[in-house]
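What follows is each chain in one-letter form.
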Amino acid sequence: MTIETPVATPDKKSILTKGRGFLIALSIAVGVAAVAAWIALGVGLYMDVSRQTRIILAVVAAVATEALFWSIAATLGLSVLEARKRIWKKITGRGRAEA
């Protein structure tokens, strides 16, 4: 009589690990878009484009930068968001205990 031992299978990646890989890829893609938006704004300023075009380029660069921040925050976790709240409370003075 022989006893068969189960063959150890490698652990499959958890959903969290798979999701984190997606978030890292998303952050990289958004980072590339943000850098491209800022380069476009710089080129626009260098070429002395119209005021309306400058405003559009600045808004696109700002939104891309904000998207980059939030995608990185999602990748790193909620603690980054909590730290940002604490920083803004210190800067703006909100949440300070009144004497």
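Nothing here was measured: the structure is a model prediction, and the numbers come from that model.

When helices and strands are tallied, the protein shows 3 helices and 0 strands. For the protein, the residues scored as buried account for 13% of the 99 residues in total. A separation threshold of at least 6 residues defines the contact pool for the protein, and within that pool the share at least 24 residues apart is 58%. Surface summary for the protein: the accessible area is close to 8500 Å², and the carbon and sulfur share equals 68%.

Take the side chain of Thr75 next. With respect to the helices and strands, the residue Thr75 is situated in helix α2 (residues 51-76). The buried category is assigned to Thr75, whose relative accessible area is 12%. At 3.3 Å, the side chain of Thr75 forms a polar contact with the backbone oxygen of Leu23. A polar contact of 2.8 Å, which involves the side chain of Thr75, links it to the backbone oxygen of Ser71.

Owing to its 3.6 residues per turn, the α-helix brings residues three or four apart onto one side. With 26 residues, α2 extends 37 Å between its outermost C-alpha atoms, agreeing within 8% with the 38 Å of an ideal straight helix rising 1.5 Å per residue. The complete set of buried residues in α2 reads Ala61, Ala64, Ser71, Ala73 and Thr75. Once α2 finishes, Gly77 follows within two positions and takes phi at roughly 115°, a positive value.

Its identity as a non-glycine residue notwithstanding, Asp48 has a phi of 55°, on the positive side. Here Asp48 is to be found in the loop between α1 (15-46) and α2.

A word on the side chain of Ser71. Along the chain, Ser71 turns up in helix α2. Owing to a relative accessible area of 7%, Ser71 belongs among the buried residues under this scheme. At 3.0 Å, the side chain of Ser71 and the backbone oxygen of Leu68 are in polar contact. With near-sequence residues (within four places) excluded, Ser71 lies in contact with Ser27 and Val30.

By the secondary structure assignment, Ala64 is in helix α2. When the C-alpha positions of Ala64 and Ala34 are compared, they lie 4.8 Å apart, and in sequence the two are 30 residues distant. Non-local contacts of Ala64, meaning those with residues more than four positions away in its chain, are made with Val30, Ala33, Ala34 and Ala37.

Reading guide: rules and limits
Residues numbered from 1 in each chain as written. Predicted model: local features only at pLDDT ≥ 70, side-chain atom pairs only at ≥ 80, totals over all residues. Heavy atoms only, no water. Helix = DSSP H or I, 4+ residues; strand = E, 2+ residues; numbered from the N terminus. Buried < 20%, exposed > 50% of the residue type's maximum accessible area, 1.4 Å probe, protein only. Contact = heavy atoms within 4.5 Å. Areas by Shrake-Rupley, 256 points an atom, 1.4 Å probe, with all protein chains shown as cover. Polar contact = N/O pair within 3.5 Å; in protein donor to acceptor, adjacent residues only side chain to side chain. Expected span 1.5 Å × (residues − 1).

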